[in-house]
Number of protein chains: 4
Amino acid sequence: VHTHSTYATSFAQARRPIPCLGTTHADAFAGPVPVTRALTRREIEGDYEVNTGKVIVECVRGNRRERQADHGPGAGVLVWGHGPFSFGTSVEEAVEHAIALEQVARMAYQTLAINPLATALPRVLHDKHFHRKHGPKAYYGQNKS
Amino acid sequence: VHTHSTYATSFAQARRPIPCLGTTHADAFAGPVPVTRALTRREIEGDYEVNTGKVIVECVRGNRRERQADHGPGAGVLVWGHGPFSFGTSVEEAVEHAIALEQVARMAYQTLAINPLATALPRVLHDKHFHRKHGPKAYYGQNKS
Amino acid sequence: VHTHSTYATSFAQARRPIPCLGTTHADAFAGPVPVTRALTRREIEGDYEVNTGKVIVECVRGNRRERQADHGPGAGVLVWGHGPFSFGTSVEEAVEHAIALEQVARMAYQTLAINPLATALPRVLHDKHFHRKHGPKAYYGQNKS
Amino acid sequence: VHTHSTYATSFAQARRPIPCLGTTHADAFAGPVPVTRALTRREIEGDYEVNTGKVIVECVRGNRRERQADHGPGAGVLVWGHGPFSFGTSVEEAVEHAIALEQVARMAYQTLAINPLATALPRVLHDKHFHRKHGPKAYYGQNKS
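Residues numbered from 1 in each chain as written. Chains lettered and ligands numbered in written order. Predicted model: local features only at pLDDT ≥ 70, side-chain atom pairs only at ≥ 80, totals over all residues. Heavy atoms only, no water.

### Overview of the overall build of chain A
Worth spelling out the cut-off: Working definition: helices are DSSP H or I runs of at least four residues, strands are E runs of at least two. Numbering for both runs from the N terminus. Here the globule rule reads 2.2 Å times residues to the power 0.38, and the radius of gyration is calculated from C-alpha atoms. Whether a residue is buried, partly exposed or exposed follows from its accessible area with a 1.4 Å probe, protein chains only, as a fraction of its type maximum: under 20%, in between, or over 50%, in that order. The method behind every accessible area is Shrake-Rupley, applied with a 1.4 Å probe, and residues are considered shielded solely by the protein chains displayed. Positive residues here are Lys and Arg, negative ones are Asp and Glu, while His and the chain termini are left out of the count. Where a charge lies is defined by one atom per residue type: Lys uses NZ, Arg uses CZ, Asp uses CG and Glu uses CD.
From N to C terminus, chain A includes six helices and two strands. Taking 2.2 N^0.38 as the reference for a compact globule, 145 residues should give roughly 15 Å; the C-alpha atoms of chain A span a radius of gyration of 15 Å, in line with that estimate. C-alpha extents for chain A along the principal axes are approximately 50 × 40 × 25 Å. Within chain A, the proportion of its 145 residues that are buried is 54%. When the accessible area of chain A is evaluated, it comes to approximately 7000 Å², of which 56% is carbon and sulfur surface. Counting 17 positive and 13 negative side-chain charges, chain A places the centres of these two groups 6 Å from one another.

### Some points on the relation of the copies chain A and chain B
The test is simple: We superpose the copies by least squares over the C-alpha atoms of residues that have a pLDDT of at least 70 in both of them. We call two residues contacting when some pair of their heavy atoms lies within 4.5 Å.
Laying chain A over chain B is done by rotating through 90 degrees and shifting 0.0 Å along the axis; what remains is an RMSD of 0.0 Å. The transformation relating the two chain copies, once decomposed into turn and shift, fits a four-fold axis. Closest to the rotation axis within chain A is the C-alpha of A113 of chain A, separated from it by 5.6 Å. Taken as a fraction of all interface residues of chain A, those also at the interface in chain B reach only 4%, which identifies the copy contact as different-surface.

### Some words on the interface of chain A and chain D
The accessible area lost on association of the parts is a frequent measure of interface size. In plain terms, the rule: Once two parts are put together, the accessible area they lose, assessed with a 1.4 Å probe and summed over both, is termed the buried area. Here, a salt bridge means any Lys or Arg side-chain nitrogen found within 4 Å of an Asp or Glu carboxyl oxygen.
Every contact between the two is made by 20 residues of chain A and, on the other side, 26 residues of chain D. Between chain A and chain D, the buried area comes to about 2000 Å², and carbon and sulfur atoms account for 55% of it. For chain A, the biggest contributors to the area lost against chain D are Q13, I44 and Y109 of chain A; these three give 26% of the whole. Our count for the chain A to chain D interface comes out at one salt bridge.

### Digging into the interface of chain A and chain B
We count it as follows: Side-chain atoms alone can form a polar contact between residues adjacent in sequence; in general such a contact is a pair of N or O atoms within 3.5 Å, and within protein one must be able to donate a hydrogen while the other accepts it. Each residue receives one of three labels: charged for Asp, Glu, Lys and Arg, nonpolar for Ala, Val, Leu, Ile, Met, Phe, Trp, Tyr, Cys and Pro, and polar for the others, Gly being one of them.
Between chain A and chain B, the residue contacts involve 26 residues of the former and 20 residues of the latter. Between chain A and chain B lies a buried interface of about 2000 Å² when both sides are counted; carbon and sulfur atoms form 55% of it. Of all residues in chain A, Q110, I114 and V124 of chain A give up the largest surface area on contact with chain B, accounting jointly for 28% of the area buried on that side. Linking chain A with chain B are one salt bridge. Linking R132 of chain A and E49 of chain B is a salt bridge whose minimum nitrogen-to-oxygen distance equals 2.5 Å. Counting across the chain A and chain B interface gives twelve residue pairs in polar contact (both at pLDDT 80 or more). Elements with a contribution of two residues or more to the side of chain A that touches chain B: α2 (23-28), α5 (91-114) and α6 (123-133) of chain A. Looking at which element gives the most residues to the side of chain A that touches chain B, the answer is α5 of chain A, with nine residues. Tallied by class, residues from the side of chain A that touches chain B come to 13 nonpolar, nine polar and four charged.

### With respect to the pattern of salt bridges
Considering all chains together, one arrives at 20 salt bridges over all chains under this definition. Residues participating in the shared-partner salt-bridge network are R37, E43 and E58 of chain A.

### Considering the relation of the copies chain A and chain D
Its rotation angle being 90 degrees, the transformation that places chain A on chain D also includes 0.0 Å of axial translation and leaves an RMSD of 0.0 Å. Residue by residue, only 5% of the interface of chain A is reproduced at the interface of chain D, so the copies engage with different surfaces.

### A word on the environment of G76 of chain A
All names here are of chain A. Along the chain, the position of G76 falls in strand β1 (residues 76-79). On the accessibility criterion, G76 (1% relative accessible area) is buried. Separated by 47 residues in sequence, G76 and F29 have C-alpha atoms that sit 7.9 Å apart.

### What to know about the nonpolar core
In plain terms, the rule: Nonpolar cores are built from buried Ala, Val, Leu, Ile, Met, Phe, Trp, Tyr and Cys residues. Side-chain atoms within 4.5 Å join them into one set.
Of all hydrophobic cores here, the largest spans 106 residues; its most connected members are I18 of chain A, I18 of chain B, I18 of chain C together with I18 of chain D. Ignoring any residue separated from it by four or fewer positions in sequence, one finds I18 of chain D in contact with F11, H25, P32, V33, L78, L101, V104, A105 and A108 of chain D. With nine residues, the next largest nonpolar core counts A26 of chain C together with L39, Y48 and V55 of chain D among its residues.

### Considerations on the pairing of β1 of chain A
All names here are of chain A. The cut-off we apply is this: Between any two strands, pairing holds if DSSP finds at least two bridges.
Burial along β1 is two-sided: G76 and L78 and V77 and V79, pointing in opposite directions, are all buried. As defined by bridge partners, β1 adjoins strand β2 (residues 83-86) across four bridges and the pair is classed as antiparallel. By the bridge assignment for β2, V77 is matched with F85. Hairpin remark: β1 followed by β2, antiparallel, with three residues in the connecting loop; positive phi at G81, about 75 degrees.

### Quick word on a nonpolar patch on the surface
Residues and elements named next belong to chain A. Our working rule: Note that patches include only residues with greater than 30% relative accessible area and no salt bridge, and the join distances are 9 Å for like charges and 5 Å for nonpolar side chains (Val, Leu, Ile, Met, Phe, Trp, Tyr).
Judged by side-chain polarity, V1, V91, V95 and I99 come together as a nonpolar surface patch covering roughly 350 Å² of accessible area. One can find V91 in helix α5. The class for V91 is exposed, based on a relative accessible area of 59%.

### Observations concerning the packing of aromatic side chains
Heads up, the condition is: Aromatic contacts are taken between Phe, Tyr and Trp rings whose centres are within 6.5 Å, Trp giving its six-membered ring; a plane angle under 30 degrees counts as stacked, one over 60 as edge-to-face, and the others as tilted. Comment: the charge-over-ring label is applied if NZ (Lys) or CZ (Arg) is within 6 Å of the ring centre and within 35 degrees of the ring normal.
According to the stated counting rule, one finds four aromatic pairs over all chains in the structure shown. Here Y7 of chain A and Y109 of chain A contribute two aromatic rings whose centre-to-centre distance is 5.1 Å and whose plane-to-plane angle is 65 degrees, an arrangement assigned as edge-to-face. Linking Y7 of chain A in helix α1 (residues 6-14) with Y109 of chain A in helix α5, this pair joins segments that are 102 residues apart in sequence. Sitting over the ring of W80 of chain B, R15 of chain B keeps its end group 4.2 Å from the ring centre.

### Quick look at helix α6 (residues 123-133) of chain B
Three or more residues of α6 of chain B are buried, namely V124, L125, H126, K128, H129, F130 and R132 of chain B. The positive-phi residue at the C-terminal boundary of α6 of chain B is G135 of chain B, with phi of around 85 degrees.

Structure (structure tokens):
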């Protein structure tokens, strides 16, 4: 799902990943929301739409490898200078992730305005929140069945 | 009552108390809205939800002791990196305080953007506003009976 | 009319007058929207509500004298640390001014965020906008009769 | 079409053009949204409304000449200290451009808050987005017929 929601798009335009500054972010995303690399002139003048898809895949894969982990269901990516793309195992889930992405972007924006030196949530707290809601050891939140 | 309302959550994520910058704040809260300490690794990996409750209680008690006063009905707390929790003598009252907390957070955010050096309301003015609405000498506002 | 509208209240909390940065402001207000002086301890502990009214009147009068002009129908004032008060020849007009005051405050806030060095509109342009809508030489806007 | 939409008006009040920071902007406008020059005292005291129209035309023409290109259907201009004006081949189109202008202004505002050093989109990417939607080689977007 691709949107031009204003806060997530602003991070994409600012070419800054969305840092994980709070538990709302950790509930939905396994790490910071990354920004793709910029397309080259050749990629832009060539098959632009396909090449945009390729840098998204490249970014998601690189990010998983780096973190030695699966991105989980809340995966989202910011395309450099463009806007947010989100994924899911169904269209409904991808839309939910797009909404979470915008909410998380808005609160990161406000948090950095209050405290430009705000740092990422400690890893142990991030993992606690993410894994209590997602994956085999999940125990928190509404029962989806 | 626990919400993820965006401005109050942003202060919690920025790990900054909400200073009392105006009479709207003083009408609802007896002092600045405090931030709890961060949970330790042990507390996060242990009984996380119970330990979150414990640091909230610890924060409210420490805050009352420091101010040598009862927090009054408008009590609210920001959990470090997480978001706002508010209290009341009934669920309805706690919801009202959650709404006041978000409004106060939003105006503190904007006030600090206009004037980063804005200082807290003088104590005498804060007390005047708080006590004309709450406690035994209250005389202002809608009659609730 | 007294409101706690968020942008005007934020200027009051920041204890900063709202500068006239554009023609929207000049359409409604004859000059910057002033901030009252702070009340003294004695005034707060005494007849607080009456004394608040007195500093508002003091501020409006001082402002008119300084500008050697009538404030016109769009008069509004920010009470130090508190919020906006607006006036009119009828309650409806005062409400309209409260709405204009909030809109003007919001755009001043955003303008200063884009350009912290933004300066006031030149006097000749301010007067042109104000006087084409208000007073004996008005010729612009909806006919109210 | 002339509006006082808050973000576009704030750029006009800040007397700053809206830089093209992302593809949303490039989809609608062929370049940055320019600001007119300020009117002179003589122009303000003379036939003000007509002279405002003249500086708009002057700005659009100068901008086209500089860019050696037609401004395309998404043309918009900020009048110095005043607000946005947008154009189109029909009233409906001009309204659409006014909406796009406000959206683009809002995201530029947020982008610059996140990263004050954010730079304009590379020209090749800007042109790709603009020309895939507008002009003889357009191939993207909803079919309007």
